[in-house]
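Coordinate analysis (summary)
Residues per chain, in single letters:
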Amino acid sequence: MKLEHLRTLVALAEQRSFARAGAAVGLSQSAVSLHLKALEESLGASLLDRAHRPPILTERGQAVVEQARRMLELSDAIAGIAAAESLVGALAVGAVPTALGSALPPALKTLRAAHPHLRIQVQSGLSGDLAARVRAGALDAAITTGPARPIRGLRQREIGREPLVVIAPADAPEIGDAALLAAYPFIWFNRQTWAGAEIERLLAARELEVAEEMEVDSLEAIVAMVGQGLGVGIVPQRLGAPPFPPTLKAVPFGDPPTARTLALLERRVSPKRRLTDALYAELRQLAGSSC
């Protein structure tokens, strides 16, 4: 039984596709199949139900995956201790879409340049879903909107604060956030997200009523719709992102201006602490340079 075969099995369980599993571990689809056959032969058990298309894990295969994750985490932790200067191992990171398109890519670029043997997998999702995946062990860490209250079993580290702004068409004559919100249809940032729920709470606290037009969970979509004159929205000014396009005007929301917290969530007890520490350091560096 080889660790690389176990790593391929775990990748298949997470990606649910031979092609995507191969991409995650740097193998061809045929090599993934060979790894799994070799693992089944070494264990003397069928781990995949090949009657399905694509094949799915058998009950025994699922049990092996759970134990394989523990073995791989321990192996990576030992390798990391031995490599005092360069980090090695695998890090599974989740990120909300707003961070995935701004803060995370430059941080990962710097991290990979400094630690070329570090393997990083990235998944996207909403804050609540990502937090649940970290708690379940499916992710090592996640970049989310800072939760309103501590989450049991998770450690929260603040990366930075992203000012909330009201965006409107550049030619809007109104001055001030309240005037803009009253004058135009409002495009909600998905209220099922932690950021959207916080925006809703802040509007209610100021007793500001908005003319609801639509609700989306993509910052880029809100920017595009506002740029076309379809309304106004409240969005975070993302860390590491370029300025808003000249077709928009951005006015601070609140007096004093309010902001959302961007945070790194991880399990309180984690064998990947050295890796998440390195990622956090890069994200904090980026946040500092964006101020």
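Let me begin by describing the structure that accompanies this report. All of these numbers come straight from a predicted model, not from anything done at the bench.

**A few points about the overall build of the protein chain**
- When helices and strands are tallied, the protein chain shows 11 helices and 11 strands.
- Each of the three principal axes of the protein chain carries a C-alpha extent, and together these read 70 × 45 × 35 Å.
- Counting across all 291 residues of the protein chain, residues that qualify as buried make up 45%.
- Long-range contacts, defined as pairs at least 24 residues apart, comprise 73% of the intrachain contacts of the protein chain with a sequence gap of at least 6.
- As displayed, the protein chain offers around 14500 Å² of accessible surface, 54% of which is attributable to carbon and sulfur atoms.
- Taking the average place of the 32 positive charges on the side chains of the protein chain and the average place of its 30 negative ones, the gap between the two points comes to 8 Å.

**Some words on the pattern of salt bridges**
- Within the structure shown, the criterion is met by 17 salt bridges.
- The salt bridge partner of R191 is E200, with a shortest N-O separation of 3.5 Å.
- Residue classification places E200 among the partly exposed residues on the basis of a relative accessible area of 34%.
- Across the salt bridge formed by R273 and E266, the nearest N and O atoms sit 3.3 Å from each other.
- With relative accessibility at 23%, the residue R273 sits in the partly exposed group.
- For E266, a relative accessible area of 0% corresponds to the buried category.
- Connected through salt bridges with shared partners, the residues R155, R157, E266, R273 and D277 form a single ionic network.

**Things to note about unusual backbone geometry**
- For the bond from R53 to P54, the omega torsion is 0 degrees, close enough to zero to count as cis.
- Looking at the element boundaries, P54 is found in the loop between β1 (48-49) and β2 (56-57).
- Following D255, the chain continues into P256 via a peptide bond in cis, with omega recorded as 5 degrees.
- Considering the arrangement of structural elements, one finds P256 in the loop between β10 (248-252) and β11 (259-267).
- The phi dihedral of R16 falls on the positive side, at around 60 degrees, and the residue is not glycine.
- On the secondary structure map, R16 appears in the loop between α1 (3-15) and α2 (18-25).

**As for the nonpolar core**
- With 35 residues, the main nonpolar core has I143, I159, L264, L279 and L283 as its most contacted residues.
- If you list the elements that add at least two residues to this core, you get β3 (89-95), α6 (104-114), β4 (118-124), α7 (127-136), β5 (141-145), β6 (154-169), β11 and α11 (273-290).
- Among residues more than four places away in sequence, those in contact with L279 are L91, V93, L104, L108, L111 and L264.
- Core analysis: the next-biggest nonpolar cluster, separate from the first, contains 27 residues, I167, I187, I222 and F253 among them.

**Things to note about α7**
- Among the residues of α7, those classed as buried are S127, L130, A131, R133 and V134. Viewed along the axis of α7, the buried residues span an arc of 160 degrees, placing them on a single side of the element. Exposed and oriented more than 90 degrees from the buried face of α7 are R135 and A136.
- Taken together, the buried residues of α7 touch β3, β4, β5, β6, α9 (194-205) and β11.

**A look at the side chain of R133**
- Secondary-structure assignment places R133 in helix α7.
- Contact partners of R133, with chain neighbours within four places excluded, come to Q123, S124, G125, A138 and L139.

**Digging into a nonpolar patch on the surface**
- A grouping of M1, L3, L43 and M71 is seen on the molecular surface, where their side chains present a nonpolar patch of about 360 Å² in accessible area.
- Using a relative accessible area of 35% as the deciding quantity, one classes L43 as partly exposed.

**Brief notes about the packing of aromatic side chains**
- Tallied over the full model, the rule gives one aromatic pair.
- Taken together, a centroid distance of 4.8 Å and an interplanar angle of 90 degrees make the contact between F186 and W188 edge-to-face. Per residue, the accessibility class of F186 equals that of W188, and both read buried.
- Sitting over the ring of Y280, R157 keeps its end group 4.5 Å from the ring centre.
- Sitting over the ring of W188, R191 keeps its end group 4.1 Å from the ring centre.

**A closer look at the environment of L43**
- Considering the arrangement of structural elements, one finds L43 in helix α3 (residues 29-43).
- Taking the C-alpha atoms as reference, L43 lies 32 Å from P116; in sequence the two are 73 residues apart.
- Discounting chain neighbours no more than four positions away, the residues touching L43 are M1 and V64.

Reading the values: the criteria
Residues numbered from 1 in each chain as written. Predicted model: local features only at pLDDT ≥ 70, side-chain atom pairs only at ≥ 80, totals over all residues. Heavy atoms only, no water. Helix = DSSP H or I, 4+ residues; strand = E, 2+ residues; numbered from the N terminus. Buried < 20%, exposed > 50% of the residue type's maximum accessible area, 1.4 Å probe, protein only. Contact = heavy atoms within 4.5 Å. Areas by Shrake-Rupley, 256 points an atom, 1.4 Å probe, with all protein chains shown as cover. Lys, Arg positive; Asp, Glu negative; His and termini not counted. Charge placed at Lys NZ, Arg CZ, Asp CG, Glu CD. Salt bridge = Lys/Arg side-chain N within 4 Å of Asp/Glu carboxyl O. Core = buried A, V, L, I, M, F, W, Y, C linked by side-chain atoms within 4.5 Å. Arc of directions from axis to C-beta. Patch = residues over 30% accessible without salt bridge, like charges linked within 9 Å, V, L, I, M, F, W, Y side chains within 5 Å. Phe/Tyr/Trp six-rings, centres within 6.5 Å; stacked < 30°, edge-to-face > 60°. Lys NZ or Arg CZ within 6 Å of the ring centre and 35° of its normal.

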